[in-house]
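Structure at a glance
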Amino acid sequence: MGHLLVVESWVGSMSRLLPRAIREGGHEFTFLTRDLHHYLRSAPEGTAHPLLGARNVVTADTNDPEALLPEVERLHAVLGFDGVLTSCDYYLPVAARIAGRLGLPGPGPEAVGNACRKDATRRVLAGAGVPQPRFAVHGEWADIARAAKEIGYPLVVKPVDLCAGMYVRRVDDEAELATACRALAGFPVNARGQRRAPVVLLEELLDGPEVSVETVSHAGAVHVVGVTDKSLGGAPAFIETGHMFPAALTPADAEAAEQTALRALKALGLTEGVVAHTEIRLTSAGPRVVEVNPRPAGNRITELVRHVTGIDLAAAFVDVALGRAPDLRRTDTGLRSAAIGFLLPHTAGTLEALDGTALEDAPDVLEVQLTAPGTQVKAAGSNNEYLGHVMAGDPGGPGARDRVEALLAGVRTGLVIR
């Protein structure tokens, strides 16, 4: 039995999947947070709070690594940790630093830090010759405007240190660029109270579909679990509206995506003790790396993988954090594909009507989760404003996405926001 130090977490599905995987693996965990109320305010309905399964809950300033590291050393001397992990992007670098400081398994802190900063990722991949969009990083408006002209409109504006698609925007001219930069400058601190880097990443706008490659690294080898597709909406934002696993690709396109992801992981040094989610655009000029995430995929992609292959990526995340070989054996689940579709609010107001009861007994439905009427909502600008999701499987082939889209179309007819 292993004892894991879990440093912060998301409050979504991974906040439940990770404690479950720890418990089912026969392990225990201590939870380390700077703000316990952040999690208590977001307690999931209809089930026991995930933190009730913690052996210990410890409060410390997880936003101050220099003070935190010696404090964790003292905790380690008393409690004895066998691994460190987090499911929250903003704490991946500090979790890697803690593991390195304590001599525990995991990817190198520099590799994780570079993967979690989009500008650093771009520079590392450029140095290694890994295909990616043309880009520039600047902090001053004159430099940003000049670089935008050099790259050419339309282009993509990104923060270098946010996630869930926050403030990622397509811009078609300098006026839209200025608006996007002002909006980003008006968000100087992220949702966890961490001050952001005051720079802007500009990228060439890529054509073609976007996919993600799900991998698990252990003992110096990177294992490809599969490729997931992605649908996007909410222009000029890039909001994930759905996924299907496995992606309906030709063998050549799947291989190209996988090999590009492997090159990116190798360039960054993420070949040991990490479950990764690498996003790739299959452009007309070949695959291009969008970003590399050194943690399991979000938006229930891990559950799509489990429904089709039997592979539990949350459990693999726990295993590699403990330095153990993950179980990546595929089993016959009876499904050939699984997909999820998200419902987006296109206007702000009060959600007056949203009924999914007809979905609960529909064939092939795996999950239904919808926001309760009466909730105040705002127009979707990132992956943080969903009104819910529907997940379905297809036992016969790659038809899960079509099934989900048909189900969501029925739900949308009854959606009322005023």
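Quantities reported herein were computed from a predicted structural model and do not represent experimental measurements.

Further remarks concern the overall build of the protein. A count of helices and strands for the protein gives 12 helices and 19 strands. Expected size for 418 residues packed as a compact globule is a radius of gyration near 22 Å; at 21 Å, the protein falls within 12% of this value. Each principal axis of the C-alpha atoms in the protein carries an extent, and together these give about 55 × 55 × 45 Å. Buried residues in the protein amount to 54% of all 418 residues. If you take every contact in the protein between residues at least 6 apart in sequence, the share linking residues at least 24 apart comes to 70%. Looking at the protein as shown, the accessible area adds up to about 17,400 Å², and 51% of this sits on carbon and sulfur atoms. In the protein, 40 side chains carry a positive charge and 50 a negative one; their mean positions are 3 Å apart.

For the coordinates displayed, the defined rule picks out 28 salt bridges. Salt-bridge contacts for Arg101 lead to Glu73; the nearest nitrogen and oxygen are separated by 3.2 Å. Here Glu73 lies in helix H3 (residues 65–79) and Arg101 lies in helix H4 (residues 92–102), a separation of 28 residues in the sequence. We note a salt bridge from Lys230 to Glu210, for which the minimum N-O separation is 2.6 Å.

Running from N to C, helix H1 (residues 14–24) and helix H10 (residues 301–309) point in directions that differ by 50°, and their axes come no closer than 11 Å. What the angle tells us is that H1 and H10 run oblique. For the pair H1 and H10, contact is made by Met14, Leu17 and Arg20 and by Thr302, Glu303 and Arg306, respectively. Along the lines of polarity and charge, the residues of the contact of H1 with H10 split into two nonpolar, one polar and three charged.

Contact geometry of H3 with H4 gives a least axis separation of 10 Å together with a crossing angle of 50°. Judged by the angle between their axes, H3 and H4 are oblique. Once H3 is placed against H4, the crossing between them reads as right-handed. Contacts from Pro65, Glu66, Leu68, Leu69, Pro70, Val72, Glu73 and His76 of H3 reach H4 at Val94, Arg97, Ile98, Arg101 and Leu102. Of the residues assigned to the contact of H3 with H4, the class counts are eight nonpolar, one polar and four charged.

About the thresholds
- Residues numbered from 1 in each chain as written.
- Predicted model: local features only at pLDDT ≥ 70, side-chain atom pairs only at ≥ 80, totals over all residues.
- Heavy atoms only, no water.
- Helix = DSSP H or I, 4+ residues; strand = E, 2+ residues; numbered from the N terminus.
- Rg over C-alpha atoms; globule rule 2.2 N^0.38 Å.
- Buried < 20%, exposed > 50% of the residue type's maximum accessible area, 1.4 Å probe, protein only.
- Contact = heavy atoms within 4.5 Å.
- Areas by Shrake-Rupley, 256 points an atom, 1.4 Å probe, with all protein chains shown as cover.
- Lys, Arg positive; Asp, Glu negative; His and termini not counted.
- Charge placed at Lys NZ, Arg CZ, Asp CG, Glu CD.
- Salt bridge = Lys/Arg side-chain N within 4 Å of Asp/Glu carboxyl O.
- Axes fitted to C-alpha atoms, helices over the stretch in contact; angles between N-to-C directions.
- Parallel < 35°, antiparallel > 145°, perpendicular 65-115°, else oblique.
- Nonpolar A, V, L, I, M, F, W, Y, C, P; charged D, E, K, R; others polar.
- Left-handed = near helix turned anticlockwise from the far one by under 90°.

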